[in-house]
Amino acid sequence: MGRKNVNYKYINDWLKEKNLKLQVCFAEYLRDIAYDHKSGSTNLCDIYKMLGCSKQNVSYWKTYSFSTQSQKSILKVIKNAAELFDLTEEQTEKLANAAGLTLHTSDENLYHFISLNYIGKKKTLYDNALISERMFRYYKKMAPTKQALLAIAISLNTNMEDMNKLLRGYGYCLSDSVVADLVVMWFMENKDNKAGALLLGEINEMLDNMGLPLLMTRQ
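Residues numbered from 1 in each chain as written. Predicted model: local features only at pLDDT ≥ 70, side-chain atom pairs only at ≥ 80, totals over all residues. Heavy atoms only, no water.

Caption draft 1: Structural detail: helix 10 (residues 146-155). Counting buried positions over the 10 residues of helix 10 gives 10, a clear majority of the element. Considered for burial, the residues of helix 10 that qualify are Lys146, Gln147, Ala148, Leu149, Leu150, Ala151, Ile152, Ala153, Ile154 and Ser155. (Buried < 20%, exposed > 50% of the residue type's maximum accessible area, 1.4 Å probe, protein only. Helix = DSSP H or I, 4+ residues; strand = E, 2+ residues; numbered from the N terminus.)

Caption draft 2: Local environment of unusual backbone geometry. The backbone of Asn19 sits at a positive phi, close to 55°, despite the residue not being glycine. The residue Asn19 is located in the loop between helix 1 (8-17) and helix 2 (26-36) in this model.

Caption draft 3: Molecular detail of the side chain of Glu93. By the secondary structure assignment, Glu93 is in helix 6 (residues 89-98). Put simply, Glu93 is tucked away with no salt bridge, and the nearest opposite charge, on Arg168, sits 7.8 Å away. Every residue in contact with Glu93, bar those within four places of it in the chain, is listed here: Thr102, Leu103 and His104. (Lys, Arg positive; Asp, Glu negative; His and termini not counted. Salt bridge = Lys/Arg side-chain N within 4 Å of Asp/Glu carboxyl O. Contact = heavy atoms within 4.5 Å.)

Caption draft 4: Region of the structure containing the pattern of salt bridges. For the structure on display, the rule yields 7 salt bridges. A salt bridge links Asp127 to Lys123; its shortest N-O distance comes to 3.0 Å. Remark: Lys123 and Asp127 occur in helix 8 (residues 122-129); sequence separation between them is 4 residues, near one turn of the helix. Judged by its relative accessible area of 57%, Lys123 falls in the exposed class.

Take a look at the structure:
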């Protein structure tokens, strides 16, 4: 399945309608920090190389700021930036947050989280969270995607505090620099009486209209 085209007009109209402001994305934040530390004949490409990335990487991260497939490479760049630019812990965490990531992880894991929040049949959980049983077993060995974690947490009608704790267990966070995260946060705060699979369906409908990945097993 090919990648959908992001509908930037729809996104901007929705943000304006909801009076929401998208903060600076990771790629732009990294570029600004690199530019501030550029000196003499050193150019941005040289600095990116010292950080362990390229101009093309940064361009990709800007275009696909919603993607979680580059988590490991972005975390490596963040740690390199902290050392190269002598960033404070707060500045480093802010840079990570701009990518929808966090360095302040928790000890929560998916299976412990489910045991605390769900007592029904596993198949019902799979169906509600749009996660296949095969992928669910796969997550015992490999870290779940951010989309999968959010799908499961929302289908279990989890509150924001517990949802964030689950995300931090895998190095993620909800970020106002990531459009998809803003959508999730807005619906969580304005869900009225909607919950579980119904709420997840509404969020996914909005993400689909925006041309963004759905909250479910990676397609």
